[in-house]
Amino acid sequence: VVSLERQQRDWEDLARLDPRWAIVAGDEHRFGRWDTDAFLETGRVEVKKAMRRAERLGYPAHRRRALEFGCGTGRVTRALAAHFEECVGVDISPRMVEEAREMGADVPGLSFEVNAEEGLGAFASGRFDLVYSRLVLQHVPGRDAILAYVQEMVRVLAPDGLLLFQLPSHIPWRHRLQPQRRLYAGLRRLGVPSKVLYRRLRLQPIRMSAVPVPDVCRALEESGARVLEVRTGRSVVESSTYYVTKEGASA
Ligand SMILES: C[S@@+](CC[C@H](N)C(=O)[O-])C[C@H]1O[C@@H](n2cnc3c(N)ncnc32)[C@H](O)[C@@H]1O
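What this report covers is the structure whose coordinates are included nearby.

Thresholds applied
- Residues numbered from 1 in each chain as written.
- Predicted model: local features only at pLDDT ≥ 70, side-chain atom pairs only at ≥ 80, totals over all residues.
- Heavy atoms only, no water.
- Axes fitted to C-alpha atoms, helices over the stretch in contact; angles between N-to-C directions.
- Helix = DSSP H or I, 4+ residues; strand = E, 2+ residues; numbered from the N terminus.
- Parallel < 35°, antiparallel > 145°, perpendicular 65-115°, else oblique.
- Left-handed = near helix turned anticlockwise from the far one by under 90°.
- Contact = heavy atoms within 4.5 Å.
- Nonpolar A, V, L, I, M, F, W, Y, C, P; charged D, E, K, R; others polar.
- Expected span 1.5 Å × (residues − 1).
- Buried < 20%, exposed > 50% of the residue type's maximum accessible area, 1.4 Å probe, protein only.
- Core = buried A, V, L, I, M, F, W, Y, C linked by side-chain atoms within 4.5 Å.
- Pairing = 2+ DSSP bridges.
- Salt bridge = Lys/Arg side-chain N within 4 Å of Asp/Glu carboxyl O.
- Phe/Tyr/Trp six-rings, centres within 6.5 Å; stacked < 30°, edge-to-face > 60°.
- Right-handed = clockwise from strand over helix to strand, strands pointing away.

Quick look at the packing of helix H6 (residues 143-156) against helix H9 (residues 213-222) now. Here H6 crosses H9 at 40 degrees, and the two axes come no closer than 9 Å. Comparing the axis directions of H6 and H9 gives the class oblique. Two packed elements cross with a definite hand, and for H6 against H9 that hand is right-handed. Taking contact as the criterion, the partners of Arg 143, Leu 147, Val 150, Gln 151 and Val 154 in H6 are, on H9, Asp 215, Val 216, Ala 219, Leu 220 and Glu 222. Taken together, the residues that form the contact of H6 with H9 break down as 6 nonpolar, 1 polar and 3 charged.

Once that is clear, we can look at helix H1 (residues 4-17). Over its 14 residues, H1 runs 20 Å from end to end, which matches the ideal 20 Å to within 8%, given 1.5 Å per residue. The set of residues buried in H1 consists of Leu 4, Gln 7, Asp 10, Trp 11, Asp 13, Leu 14, Ala 15 and Leu 17. Buried residues in H1 make contact with helix H2 (19-23), helix H5 (94-103), H6, helix H7 (179-189) and helix H8 (194-200).

In this model H6 runs 20 Å from its N-terminal to its C-terminal C-alpha over 14 residues, within 8% of the 20 Å that 1.5 Å per residue would give. Within H6 the residues assigned to the buried category are Ile 146, Leu 147, Tyr 149, Val 150, Glu 152, Met 153, Val 154 and Val 156.

This brings us to the nonpolar core. In this structure, Leu 67, Leu 137, Met 153, Leu 163, Phe 165 and Leu 220 are the most contacted members of the largest nonpolar core, which totals 50 residues. Per-element accounting of this core gives the leading share, 7 residues, to H6. When residues no more than four places from it in sequence are discounted, the contact partners of Phe 165 are Ser 133, Leu 137, Val 150, Met 153, Val 216, Leu 220, Ser 240, Thr 241, Tyr 242 and Val 244. Ala 81, Val 107, Leu 110 and Tyr 132 belong to the second largest nonpolar core, which has 23 residues in total.

With that settled, consider the sheet that holds strand S5 (residues 157-170). If you trace the 7 strands from one edge of the open sheet to the other, you get S3-S2-S1-S4-S5-S7-S6, paired in mixed fashion. Strands at the two margins of the open sheet, each flanked by one partner only, are strand S3 (110-114) and strand S6 (225-234). Pairwise comparison of adjacent strand axes, ignoring direction, gives a mean angle of 15 degrees for this sheet. As paired elements, strand S1 (residues 65-69) and strand S2 (residues 86-91) share 5 bridges and run parallel to each other. Within S2, the residue paired with Glu 68 across the bridge is Gly 89. Of the strands in this sheet, strand S4 (128-133), S5, S6 and strand S7 (238-246) are in contact with helix H3 (residues 36-57), which crosses S6 at around 135 degrees. Against the sheet, H6 touches S1, S4, S5, S6 and S7, its axis set at about 160 degrees to S5.

We now examine the packing of H1 against H5. The interhelical angle for the contact between H1 and H5, taken along N-to-C directions, is 45 degrees, at an axis separation of 7 Å. Judged by the inter-axis angle, H1 sits oblique to H5. Residues Gln 8, Trp 11, Glu 12, Ala 15 and Arg 16 of H1 lie in contact with H5, whose contacting residues are Pro 94, Arg 95 and Met 96. Here the contact of H1 with H5 is built from residues that sort into 4 nonpolar, 1 polar and 3 charged.

If you walk through the whole model with that rule in mind, you get 20 salt bridges. Note that Asp 13 and Arg 16 form a salt bridge whose closest N and O atoms lie 3.0 Å from each other. With a gap of 3 residues between them, Asp 13 and Arg 16 both fall in helix H1, about one helical turn apart. Here Asp 13 falls in the buried class, since its relative accessible area comes to 0%.

Scanning the entire structure with this criterion turns up 6 aromatic pairs. Relative to Tyr 198, the ring of Trp 21 lies with its centre 5.4 Å away and its plane at 50 degrees, an arrangement referred to as tilted. Of this pair, Trp 21 sits in helix H2 while Tyr 198 sits in helix H8; the two residues are 177 residues apart in sequence, bridging distant segments of the chain. Using a relative accessible area of 6% as the deciding quantity, one classes Trp 21 as buried.

Moving on to the pairing of S5. A large share of S5 lies buried, amounting to 11 of its 14 residues. Here S4 runs beside S5; their pairing, made up of 5 bridges, is parallel. Bridged to Tyr 132 within S5 is Leu 164. Remark: the S4/H6/S5 crossover connection has right-handed handedness. As defined by bridge partners, S5 adjoins S7 across 7 bridges and the pair is classed as antiparallel. Within S7, the position partnered with Leu 164 by the bridge is Tyr 243.

As structure tokens, this is what we get:
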């Protein structure tokens, strides 16, 4: 079992070393080579697509408050602010949150908080019309921890809201070993500075987890949610995006 402290340390390392690459990877962007406008544009494009699909599904019923779980530097949260009155981004890494606050200082209705716990205890049940999370749960170690977050996202979702999250559903065997990450952890433990590990040895601590679609759907239904749609795509890993709602008070 990997502790929350360890997960937080890994993401603090990444936030210090190369935050934008850690968020949207690609060799051409490594070592701080993400242009700010191009980076933020990826968030706008992603949110536009999500909102188009949301409209087609007919959820959320209201656009008051949105939450992004695992917001990084706020690439997506700030784009959501064009569609919701109030947007909150939470992340396990204080450094990511700090940068998100700086970059989003000019955007009204936007705020960011550190959330370094197994749930979303800082938020009341039913608070958010949209709960959004992509490229996050895949890095949480272990099925139980992932499903606990999923159930928390359902809890804070408003009736007739929309929960949209992405999570790999299958990782082929040859990609499960993740030697780069193991070596990073081992050498980091021996006291090798993270900068040397990342820059010279090209190692990094990012882990990849997956949960099969039926297990996720069961957890969602157990927590009182209704699955509207699951879209699955395959590249190196098989990844699924879940569109979920919760019945309104009158149902
Ligand atoms: C690949 S980045 C994606 C950021 C953002 N979702 C985006 O698409 O721009 C993953 C983010 O998840 C955060 N994260 C990882 N584990 C987390 C956890 N248990 N709770 C909250 N945030 C977490 C990391 O700190 C990092 O900022």
